[in-house]
Every structure is written in C-alpha cells, then in structure tokens.
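# Examination of the molecular architecture
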Amino acid sequence: AAQKRGYQYIAICDHSPTVGITNGLTPQRLRKHNEEIDKLNEKLSRAKVGASFRILKGIEVDIRSNGQLDFDDEILKGLDIVVAAVHTKFTQSQAEMTKRIIRAMENPHVDIFAHPTGRLIGRREAYRIDMDKLMDACKANGKALELNAYPERLDLSDLNCRKAKEKGIKIAISTDAHQDGHYDWIS
C-alpha cells in the first residue's frame, strides 16, 4: 500500500510492552520482527520493482512515569528509528510530565517524540506539559516532534508547529497508520 502511494520507505514502529492493550513487542519478539524486516528488505533489494523501497526497523517505545524507556539502550541502538511516547499516567503534574519527557528526549537513541500532548479530540484532553521546555530539550538533543495526522489526534497544534519551526526543530509528519487506509490521512 505504501509503495502504491509512491513512498520510498515506511517505518514499522509497533508498541513496546508497557501498554498492555496493544500486545506490545517484547525484546524477543522485536528481534524476530527485525529479522523479518531484514529478510523483506533483502528481497526488495533484489526485486526489479520496488528495489528503492525500504522498510525501517523501529519501535514506539513507551516513556514510563519516571522518564525511563521500556527498552534499554542495547535494544534501541539496533533500530533505524525510535519513537518515544507517553501512553500512561496522563494526570501527572505539569512539572512531573515535563521532567519525564525531557529525560526521555535526553536518550541518544530516541529520534522522535510522538503525539506530544497526548490529546484525543473529543475523548481526552491534552496532558499538562511545558511545551517551551520540551521544545528546548528537543532542540538541544536533536529530536523531532511528531505532527500526528490521525484525525482524533492532529497533534501538534498549528501554533506549536510554527514555534517548533522557529526554533529549528524538525517535524515528523506521521499517519500513525494501523491499517492500509490510514495512509490517506497524510495527503
């Protein structure tokens, strides 16, 4: 589906295990998952059609309430892309949440901070975070912020996108696709 849309690559970033409802990948399952991606990339590189298409090995790793990540650095360093996200403990104070996320942004293996306010339109308000401090940490550590195109998220806001651009922070535009039709959200 991604190739048909003209994509040059996709990143497969299944969840880590903390969020139980997602059946997140354990370290063992992630290794197996990555082996399968390596096999597919090898097959694609030998193909006449699709040889320039690449599948990136990634993870959407949970940021625990203390700022630690679900996986250790040894696992994370073997991935092409690491997306860190908050999925639990949304009621932390602004200071706690900001400290939590900044700690994760200081990890050298994290590339992107996903859905930076955690909101779900009509279902869940954004968690409290000092966006200026978060952006400063992203800038200082070379991290991108995700503009999540999932219709219930649309996270970052237009104002925060502009602020990130002014600060020189990269924006990763993502569909957060969980099935083929979700790719339409990015167009």
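Notes on the structure in this doc start here.

## Some thoughts on the pattern of salt bridges
Within the structure shown, the criterion is met by ten salt bridges. Salt-bridge contacts for Glu 36 lead to Lys 32; the nearest nitrogen and oxygen are separated by 3.6 Å. Residue Glu 36 and its partner Lys 32 are both found in helix H1 (residues 27-46); the two are separated by four residues, about one turn of the helix. We note a salt bridge from Asp 80 to Arg 54, for which the minimum N-O separation is 3.8 Å. Residue Asp 80 is located in the loop between helix H2 (73-76) and strand E3 (81-85), and its partner Arg 54 is located in strand E2 (residues 54-62); the two are separated by 26 residues in the primary sequence. Salt bridges linked by common partners bring Lys 32, Glu 36 and Lys 39 together as one network.

## A look at helix H5 (residues 158-167)
Those residues of H5 that fall on the buried side of the exposure criterion are Asn 160, Cys 161 and Ala 164. Buried residues in H5, looked at end-on, bunch into an arc of 105 degrees, giving them a common side. Turned more than 90 degrees off the buried face of H5, the exposed positions are Asp 158, Leu 159, Arg 162, Lys 165 and Glu 166. Where H5 is buried, its residues touch helix H4 (131-141), strand E5 (144-148) and strand E6 (171-174). Remark: Gly 168 follows H5 within two positions and exhibits a positive phi of approximately 80 degrees.

## What to know about the nonpolar core
Ile 59, Ile 101, Met 105, Phe 113, Leu 134 and Leu 145 are the most contacted members of the largest nonpolar core, which has 30 residues in total. Those elements that provide at least two residues to this core are E2, H2, E3, helix H3 (94-105), H4 and H5. Residue contacts for Leu 134: discarding those within four places in its chain leaves Ile 101, Ile 102, Met 105, Phe 113, Pro 116, Ile 129 and Leu 145.

## A look at the sheet that holds strand E4 (residues 112-113)
Strand order across the open sheet formed by six strands is E1-E2-E3-E4-E5-E6, with parallel pairing between neighbours. Of all strands in the sheet, those with a lone pairing partner are strand E1 (9-12) and E6, marking the two edges. Sheet analysis places E5 next to E6, joined by four bridges and oriented parallel. Residue pairing across strands places Asn 148 opposite Ser 174, the latter belonging to E6. Set on the sheet, H1 makes contact with E1 and E2; between it and E2 the angle comes to about 160 degrees.

Conventions adopted
- Residues numbered from 1 in each chain as written.
- Predicted model: local features only at pLDDT ≥ 70, side-chain atom pairs only at ≥ 80, totals over all residues.
- Heavy atoms only, no water.
- Salt bridge = Lys/Arg side-chain N within 4 Å of Asp/Glu carboxyl O.
- Helix = DSSP H or I, 4+ residues; strand = E, 2+ residues; numbered from the N terminus.
- Buried < 20%, exposed > 50% of the residue type's maximum accessible area, 1.4 Å probe, protein only.
- Arc of directions from axis to C-beta.
- Contact = heavy atoms within 4.5 Å.
- Core = buried A, V, L, I, M, F, W, Y, C linked by side-chain atoms within 4.5 Å.
- Pairing = 2+ DSSP bridges.
- Axes fitted to C-alpha atoms, helices over the stretch in contact; angles between N-to-C directions.

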